[in-house]
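One-letter residues, chain by chain:
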Amino acid sequence: MQELSLNILDVAQNSIKAKATLITIKIHKNTMSKTLLISIEDNGCGMSQQQAEQVVDPFYTTRTTRKVGLGVPFFKMSAELTGGTFTIQSELKVGTKISALYYYEHIDMMPVGDMASTMLSLISVNPDIDFIYYFSVDENEFCMNTQEMKTVLEGLPVNSNEVLTFIKNFINENQAEIENSK
Amino acid sequence: MKSLAELQAIRDKMKNSMNVRDDNGNKIRVVVGMATCGIAAGARPVLNGFTEEVAKRNLDNVTVTQTGCIGICQYEPVVEVYTPDGEKTTYVKMTAEKVAKVVTDHLVNGKVVSEYTIGSVAK
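So, a few notes on the structure that sits alongside this text. (Residues numbered from 1 in each chain as written. Chains lettered and ligands numbered in written order. Predicted model: local features only at pLDDT ≥ 70, side-chain atom pairs only at ≥ 80, totals over all residues. Heavy atoms only, no water.)

Glancing now at the pattern of salt bridges. For the coordinates displayed, the defined rule picks out 14 salt bridges over all chains. Close ionic contact of A:E80 with A:K76 constitutes a salt bridge, the shortest N to O distance being 3.3 Å. Here A:E80 pairs with A:K76, and both are found in helix α3 (residues 71-80), just four residues apart, close to one helical turn. Close ionic contact of B:R11 with A:E154 constitutes a salt bridge, the shortest N to O distance being 3.3 Å. (Salt bridge = Lys/Arg side-chain N within 4 Å of Asp/Glu carboxyl O. Helix = DSSP H or I, 4+ residues; strand = E, 2+ residues; numbered from the N terminus.)

Spelled out as structure tokens, the structure:
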């Protein structure tokens, strides 16, 4: 993976597989502690304690098409390479939350990359799942919420081209504004 | 800060231009592999490319969806096209650049782009 937004897209696929109806992705940058916190939280089927411990093992997977499961291990590694930490909390029938903390000035920090493309990929093929995306730098925050958008759209598809183009610009412009506000 | 007010304008415009879609079952399904192997190999621009290109050409008979790992990780990004006649075509090592050709030749004109298929790549 060349950028963290791809790891986020990958880990969110697990939430989709877990039949989540709401997936919340948060990126919070703290310029005092020079840290970046990324979390992906879902209301999917969840995992048992034992399974939650196993998913960080690259040789654990529930799939049958291949013998390795690298999504979570890659994400964990990306954080730990910067001196950061990784946690996974999960409860059966409640959901899962995965968090990774990065020290973004570390030489092995990957760029966050194109979050608008990641959100677009998720929303375009999963119109029935709701996605909330928060991006914040210190106390400045912006939020994209497909539930709010669906209310505005009054039944029109959230994954129609016009709306997807809007979402892309909405994320790119607002995120740039938060990033540049000091 | 960009707000949702703009989305209301988009909604009103869409409401006026929405055609009644005929869901006659003659759908073409484009399935993009979005597991770790696919994403690491570049599936995101391929998926977004299909979504954009299909919308741009108003191909109401095409749906773009995703799937997990289908077991041929070395050929990712993998895209499967299912046509109403029951045929399945597997495109391998896809890129955003190849998407346009698959849309024009295969999805619009019904001609498989054989040089991108697994049959010609996996020799």
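So much for the structure itself; the text now carries on.
Moving on: the packing of aromatic side chains. The description of an aromatic ring pair rests on the distance of the ring centres and on the angle between the ring planes. Considering all chains together, one arrives at four aromatic pairs over all chains under this definition. Between A:Y133 and A:F142, the aromatic rings sit 6.1 Å apart at their centres with planes inclined by 90°, giving edge-to-face as the arrangement. For the pair shown, A:Y133 and A:F142 are each scored as buried. Cluster of aromatic residues (ring-pair linked, three or more members): A:Y133, A:F142, A:F166 and A:F170. One residue, A:K29, lies across the ring of A:Y104, its end atom 5.0 Å from the ring centre. Above the ring of B:Y116, the side-chain terminus of B:K98 is found at 4.9 Å from the ring centroid. (Phe/Tyr/Trp six-rings, centres within 6.5 Å; stacked < 30°, edge-to-face > 60°. Buried < 20%, exposed > 50% of the residue type's maximum accessible area, 1.4 Å probe, protein only. Lys NZ or Arg CZ within 6 Å of the ring centre and 35° of its normal.)

Turning our attention to the side chain of B:T117. Along the polypeptide, B:T117 turns up in the loop between α4 (96-108) and α5 (118-121). Among the residues examined, B:T117 registers a relative accessible area of 13% and is labelled buried.

Looking at the element boundaries, B:K2 is found in the segment before α1 (5-17). A relative accessible area of 14% places B:K2 in the buried class. At 3.0 Å, the side chain of B:K2 and the side chain of B:E6 are in polar contact. In this structure B:K2 touches A:F166, A:N169, A:F170, A:E173 and A:N174, once residues within four positions along its chain are discounted. (Polar contact = N/O pair within 3.5 Å; in protein donor to acceptor, adjacent residues only side chain to side chain. Contact = heavy atoms within 4.5 Å.)

A few words on the sheet that holds strand β4 (residues 95-103) of chain A. Residue and element names in this part refer to chain A. Strand order in the open sheet formed by six strands is β3-β4-β2-β1-β5-β6, and the pairing between neighbours is mixed. Whereas interior strands pair on both sides, the edge strands pair on one side only; in this sheet they are β3 (85-91) and β6 (140-145). Each strand axis lies, on average, 10° off the axis of its neighbour in the sheet, ignoring direction. When strand β2 (residues 35-42) meets β4, the two strands line up antiparallel, connected through eight bridges. Paired with D42 across the two strands is T96, which belongs to β4. Its contacts with the sheet put helix α1 (residues 4-17) on β1 (22-30), β2 and β4, and the angle it makes with β2 is roughly 20°. On top of the sheet, helix α4 (residues 115-125) reaches β1, β5 (130-137) and β6; it is set at about 170° to β5, its chief contact. (Pairing = 2+ DSSP bridges. Axes fitted to C-alpha atoms, helices over the stretch in contact; angles between N-to-C directions.)

Before going further, it helps to examine the sheet that holds strand β2 (residues 62-67) of chain B. All names here are of chain B. Spatially, four strands are ordered β2-β1-β3-β4 in an open sheet, and the strand pairing comes out mixed. The open sheet terminates on both sides in strands that have one partner only, identified here as β2 and β4 (88-91). Taking the axes of each pair of neighbouring strands and ignoring which way they run, one obtains an average angle of 20° across the sheet.

Okay, the environment of A:P58 next. All names here are of chain A. Take P58: it is sitting in the loop between α2 (49-54) and α3. Residue P58 is classed as partly exposed on the basis of its relative accessible area of 28%. Through-space distance from the C-alpha of P58 to that of I25 is 23 Å; in sequence the pair is 33 residues apart.

Another point: the packing of α1(A) against α3(A). All names here are of chain A. Direction vectors running N to C along α1 and α3 enclose 145°, while the axes themselves pass 9 Å from each other. Relative to α3, the crossing made by α1 is left-handed. Residues L4, N7, D10, V11 and N14 of α1 touch α3, and the partners they reach there are G71, V72, F74, F75 and S78. Split into classes, the residues belonging to the contact of α1 with α3 amount to five nonpolar, four polar and one charged. (Left-handed = near helix turned anticlockwise from the far one by under 90°. Nonpolar A, V, L, I, M, F, W, Y, C, P; charged D, E, K, R; others polar.)

With 44 residues of chain A at the interface, the matching set in chain B holds 31 residues. A salt bridge links A:E3 to B:R44; the nearest nitrogen and oxygen atoms lie 2.8 Å apart. Summed over the shared surface of chain A and chain B, the number is 13 residue pairs in polar contact (both at pLDDT 80 or more). Mapped onto the side of chain A that touches chain B, the elements with two or more residues apiece are α1, α3, α4, α5 (146-153) and α6 (161-180) of chain A. If one sorts the elements of the side of chain A that touches chain B by residue count, α6(A) sits on top with 12 residues. Residues belonging to the side of chain A that touches chain B are distributed by class as follows: 19 nonpolar, 14 polar and 11 charged.

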